[in-house]
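# Examining the three-dimensional arrangement
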Amino acid sequence: MAQVFQPLVVARTVRPGGGPLAHAGVGQGALQQRSVAEDVADAALQRGEGDLVAPGELLPLTGMKGISRSRPVVSDVALVLVSRQGGPRYQRLEQLSGRSLALPPGGLLLLLFFAFWWRTSRPRLARLCGVCGFFGLWLMSMPLSVEWMARWLESEPALLAEDLPGLAQRADAIVILGAGRQTNDPAWGDDAPSLLAAERLRYAARLAKTSALPVLISGGLHYGRPPSEAALMANALLQDFGVPTRWQEGLSRTTWENATLSAPQLREAGVRRVVLVTQAWHMQRARWSFERQGFEVIPAPVGFLGGANLRPFGGWLPEAQAFWQSGMLLNEAIGLVGYRLFYR
């Protein structure tokens, strides 16, 4: 069994209420911690010397006994910087576990593959796989499916325009969550916030200008590639909308880490109530994550997908955009259930 990780640099300890930075070294099958300066970790990260992963996603070093792929290295640190020193190969656990193949459309394409592969040896099973794969792809590509899934996920209503001026009395800060990036875009000179992130920035800029609340942006690196999503979004927020960013959290990779890694900065500034800006279909999970850190959350959802689709034939015909949106919504539904199981 191939072992591909060499976790041997730095880790940020983030517990409820905050915590110190730690160094995570691997020895005798366990992560051992010792305090190091925060700028050491941040400098190593910005230099691109490693990728941030959660300890539960780490696979052990080759030759470590008593630890298998099903029992990854664990620790009480929230993030570990996996070193690139010495040129070791490493990947995220979701890639190793085949998540991209298990979730649609990968899983549905696998069904079609097996339908072809078993067409002579197992014809009944092949027909079942073919029917499930075909109709699964068709359902994912229907605007009507997007509408139905979004209505289930989009439980938080939009803020009313007349409520915006009063946000300053109800909240202490605005928090914008990262949403990926467009890489190597020559129009912007390099990487730029994704379309979803740009939608969040536009809405947050309106909220910030109306309420004069300070802004925190949370979003980490893309496979260890600097700058962070938070830095890209902060630059766009200032350059395009004239709104400065008070705080940046540039280490998180998940919604849970958005909350846990933003919490120390917000608490240090005395922030207890936040206006949370993200897509409407993502708001349930985002709000739950921040509330678990003790914050009072005012949802500010944007980008609703649950309205009437207004497509020909009621949205029963397949569309490429609907296929992309269905993938996001399905992933969000799985994440919503998973968070409540694993982050209790």
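Here, the structure is the one placed above.
What you see as residue numbers is a count from 1 along each chain, following the sequence as written. The predicted nature of this model means local features are confined to residues of pLDDT at least 70 and side-chain atom pairs, given and counted, to a pLDDT of 80 or more, with totals for whole chains, interfaces and linings taken over all residues. For the side-chain quantities, the full set of heavy atoms in the structure was used; hydrogens and water were omitted.

Attention now moves to the overall build of the protein chain. Looking only at helices and strands, the protein chain features 12 helices and 12 strands. Here the protein chain holds 344 residues, and 48% of them are scored as buried. The long-range share in the protein chain, meaning contacts at least 24 apart out of those at least 6 apart in sequence, stands at 71%. Computed by Shrake-Rupley with a 1.4 Å probe, the accessible areas treat only the displayed protein chains as cover when residues are assessed. Carbon and sulfur atoms make up 58% of the accessible area of the protein chain, which amounts to about 17,300 Å² in all. Per the convention used, a helix needs a DSSP run of H or I reaching at least four residues, while a strand needs a run of E reaching at least two, with both numbered from the N terminus. Here the term buried applies to any residue with accessible area under 20% of the maximum for its type, exposed to any over 50%, and partly exposed to those in between, with areas from a 1.4 Å probe on protein chains only. Note on contacts: a residue pair is in contact if any heavy atoms of the two residues lie within 4.5 Å.

Given the number of residues in a helix, its expected span is that number minus one, multiplied by 1.5 Å. The terminal C-alpha atoms of helix α5 (residues 123–140), which comprises 18 residues, lie 26 Å apart, in line with the 26 Å expected from a rise of 1.5 Å per residue. Along α5, the residues classified as buried are Ala-126, Cys-129, Gly-130, Gly-133, Gly-136, Leu-137 and Met-140. Down the axis, α5 shows its buried residues gathered within 145° of arc, on one side only. Turned more than 90 degrees from where α5 packs its buried face, Arg-124, Arg-127 and Phe-134 sit exposed. The arc refers to the directions leading from the helix axis to the C-beta atoms.

The strands making up a sheet are joined through hydrogen bonds of the backbone, oriented either antiparallel or parallel. Two strands are said to pair when DSSP picks up at least two bridges between them. Taken in spatial order, the 5 strands of this open sheet run β10-β9-β6-β11-β12, and their pairing is parallel. At either margin of the open sheet sits one strand with a lone partner, and together these are β10 (247–249) and β12 (296–302). Between one strand axis and the next, the sheet turns by 20° as a mean value, whatever way the strands run. Each of β6 (173–177), β9 (215–218) and β10 is contacted by helix α9 (residues 229–241), which is oriented at about 140° to β9, the strand it contacts most. Helix axes use the C-alpha atoms of the stretch in contact, all axes being lines fitted to C-alpha atoms, and the angles between their N-to-C directions lie in the range 0 to 180 degrees. Of the strands in this sheet, β6, β9, β10 and β11 (273–279) are in contact with helix α10 (residues 255–268), which crosses β10 at around 145°.

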